[in-house]
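The lines below spell out each chain.
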Amino acid sequence: METTTIRNTNWRYVQKGKGPAIVLVHGFPLDHRIWLEQIDALAEHFRVIAVDLKGFGMSLSTEAFTIDSMADELAEFIRIVGAAPCTLAGLSMGGYVSLSLAARHPDVLKGLVIVCSKSEADTPQGRQGRQAMAETAQKHGAKPVADAMMPRMFCENTLRNRPELVKRLRDIMENCPPATIANACFAMRDRADRTPDLPKLKMPVMVILGEKDAIIPASMGQQMVQGCQRGEFVLIPGAGHLATMEEPAAVNSAIARFAASV
Ligand code: MLT
C-alpha cells in the first residue's frame, strides 16, 4: 500500500493502472478490500485509487471525526495524490462522505457515483441505534458489531452460498478498531441530510443500488436521481448491500461506462 500524510495522519491507499482517475471509498466498518474486484478490472483503463479512510484499515487513527471533516480530508487527499478532478465512488458510509465532498468541494470531482448509499440523514430510531452500536464496540469490541451487521450486508443467497465472500467481509469488520467503530457511529448519527444539495450538484451523478440491499432500499435510487440535475440510476439484480463484492461485473461495467463519459 502507498501512504500520504493528511493533517498528521497517514492515509494508506492502493493504486493501480493509468488514465483518468477513479477514487473508491469504502463503507462502515470496512476498508479498501471491499473494492478488490473493482481495482483490478477498472485499472485496465483508469488510474484506480482505493483508500482506507482515516481510522479504517491501515490508516491508523483514533481521532474523532464528522462526515464533513472526513470529506474535507478526502478532498485534500484527492488533491495531494494528484487525482483531481476525479470520478469518486463511495459505498454506503463512503457515499455519505462523497455526497458531503460533492456539495462542499465540487472542484475535485468530474463525476460522483453513489453506491448502496443514500442522501437522507438518520431517522430518530436510527440515531438511537448508532448510540447503542458505539457503546457495544466500546465495551465489547468489533466482533459483536460484525455479528449484528453481517446478516444485513449480503443478500440471502450470498450468505448461504458464498463462504469466501462472507469470510473476507467478516475479517474486515472484525479488524475494524473499536474506537473507529464508535467514532463512525457518532459521525453517521450526526450527519446532515444531503437531499437538498442534490439539485445543486453540477457534476453527473450515478446511483448504483443492490436489488436486495437490506440497509438501503432499492426504491431510493429513482428518488435520488430525480433530485439531481444529471442523474442516472443503475439497479444491480441479485446483489445486497455489498454489491461490489456480490456482483462485481455489473458494478464494474456501470462505473467504467460512467467514468469514461464524464
Ligand atoms: C455502511 O455500509 O457504510 C453502513 O451500513 C452505513 C450505515 O449504517 O448507514
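Residues numbered from 1 in each chain as written. Predicted model: local features only at pLDDT ≥ 70, side-chain atom pairs only at ≥ 80, totals over all residues. Heavy atoms only, no water.

Undergrad: Before we go on, may I ask you to explain the packing of aromatic side chains in this structure?
TA: One pair of aromatic rings is described through two measures. These are the centre distance and the angle between the planes. Taken as a whole, this structure holds three aromatic pairs when the rule is applied. With a centroid separation of 5.7 Å and 25° between ring planes, the pair formed by Trp 11 and Phe 77 is classed as stacked. Note that Trp 11 is positioned in strand E2 (residues 9-16) and Phe 77 in helix H2 (residues 67-80), a separation of 66 residues in sequence. Ring centres of Tyr 13 and Phe 77 lie 5.1 Å apart, and the angle between their planes is 80°; this geometry places the pair in the edge-to-face category. Of this pair, Tyr 13 sits in strand E2 while Phe 77 sits in helix H2, and the two are 64 residues apart along the sequence. An identical accessibility class is assigned to Tyr 13 and Phe 77; each is buried. These aromatic residues form a ring-pair network of at least three members: Trp 11, Tyr 13 and Phe 77. Across from the ring centre of Tyr 96, 3.7 Å away, lies the NZ or CZ of Arg 191, which sits over that ring. (Phe/Tyr/Trp six-rings, centres within 6.5 Å; stacked < 30°, edge-to-face > 60°. Helix = DSSP H or I, 4+ residues; strand = E, 2+ residues; numbered from the N terminus. Buried < 20%, exposed > 50% of the residue type's maximum accessible area, 1.4 Å probe, protein only. Lys NZ or Arg CZ within 6 Å of the ring centre and 35° of its normal.)

Undergrad: What's the story with the pattern of salt bridges in this structure? I'm lost.
TA: It is possible for side chains bearing opposite charge to pair when their charged atoms get close. The final tally for this structure, using the stated rule, is 21 salt bridges. The residue Glu 63 makes a salt bridge to Lys 54 at a minimum N-O spacing of 2.8 Å. By relative accessible area, Glu 63 is classed as partly exposed at 45%. The residue Arg 127 makes a salt bridge to Asp 190 at a minimum N-O spacing of 3.9 Å. Here Arg 127 is found in helix H4 (residues 124-140), whereas its partner Asp 190 is found in the loop between helix H8 (178-189) and strand E7 (205-210), with 63 residues between them in sequence. Overall, Asp 190 belongs to the partly exposed group, its relative accessible area being 46%. By sharing partners, the salt bridges in this structure join Asp 68, Arg 194, Asp 197 and Lys 200 into a single network. (Salt bridge = Lys/Arg side-chain N within 4 Å of Asp/Glu carboxyl O.)

Undergrad: I tried to follow the site of the ligand on my own but got confused; where do I start?
TA: Every residue close to the ligand is listed here: Gly 27, Phe 28, Ser 92, Met 93, Tyr 96, Arg 130, Met 149, Met 188, Ile 215 and His 241. Side-chain polar atom of Ser 92 to an oxygen atom of the ligand: 2.9 Å apart, as the coordinates give it. Residue Met 93 places a main-chain N or O atom 2.8 Å away from an oxygen atom belonging to the ligand. Within the shell around the ligand, the residues separate by chemical class into six nonpolar, three polar and one charged. (Near = heavy atom within 4 Å. Polar contact = N/O pair within 3.5 Å; in protein donor to acceptor, adjacent residues only side chain to side chain. Nonpolar A, V, L, I, M, F, W, Y, C, P; charged D, E, K, R; others polar.)

Undergrad: How do you make sense of the side chain of Ser 98 when you look at a structure like this?
TA: Looking at where Ser 98 falls in the secondary structure, it is placed in helix H3 (residues 93-104). The class of Ser 98 is buried, set by a relative accessible area of 0%. If we skip the residues at most four places from it in the chain, Ser 98 touches Val 25, Leu 88, Ala 89, Gly 90 and Leu 112. (Contact = heavy atoms within 4.5 Å.)

Undergrad: When you look at the environment of Glu 211 in this model, what are you seeing that I'm missing?
TA: Within the element layout of this structure, Glu 211 appears in the loop between E7 and helix H9 (220-226). When residues no more than four places from it in sequence are discounted, the contact partners of Glu 211 are Ala 218, Leu 235, Ile 236, Pro 237, Gly 238 and Ala 239.

Undergrad: Would you mind going over H3 with me for this structure?
TA: Compared with the 16 Å implied by 1.5 Å per residue over twelve residues, the 17 Å span of H3 between its first and last C-alpha is a close match. Extensive coverage of H3 is indicated by the burial of ten of its twelve residues. (Expected span 1.5 Å × (residues − 1).)

Undergrad: Any chance you could explain the sheet that holds E2 here in plain terms?
TA: Each strand in a sheet pairs with its neighbour through backbone hydrogen bonds, running either in the same direction (parallel) or in the opposite one (antiparallel). The eight strands lie next to each other as E1-E2-E4-E3-E5-E6-E7-E8, forming an open sheet whose pairing is mixed. Edge positions in the open sheet fall to strand E1 (2-6) and strand E8 (231-236), since each of these has one partner strand only. Strand-to-strand twist of the sheet, defined as the mean angle between neighbouring strand axes without regard to direction, takes the value 25°. In this sheet, strand E6 (residues 109-115) lies alongside strand E5 (residues 86-91) in parallel orientation, the contact comprising six bridges. Bridge pairing in E6 links Leu 88 to Leu 112. With respect to the sheet, H3 is in contact with strand E3 (21-25), E5 and E6, its orientation differing from that of E5 by roughly 140°. Running at roughly 175° to E7, helix H11 (residues 248-261) makes contact with E3, E5, E6, E7 and E8 of the sheet. (Pairing = 2+ DSSP bridges. Axes fitted to C-alpha atoms, helices over the stretch in contact; angles between N-to-C directions.)

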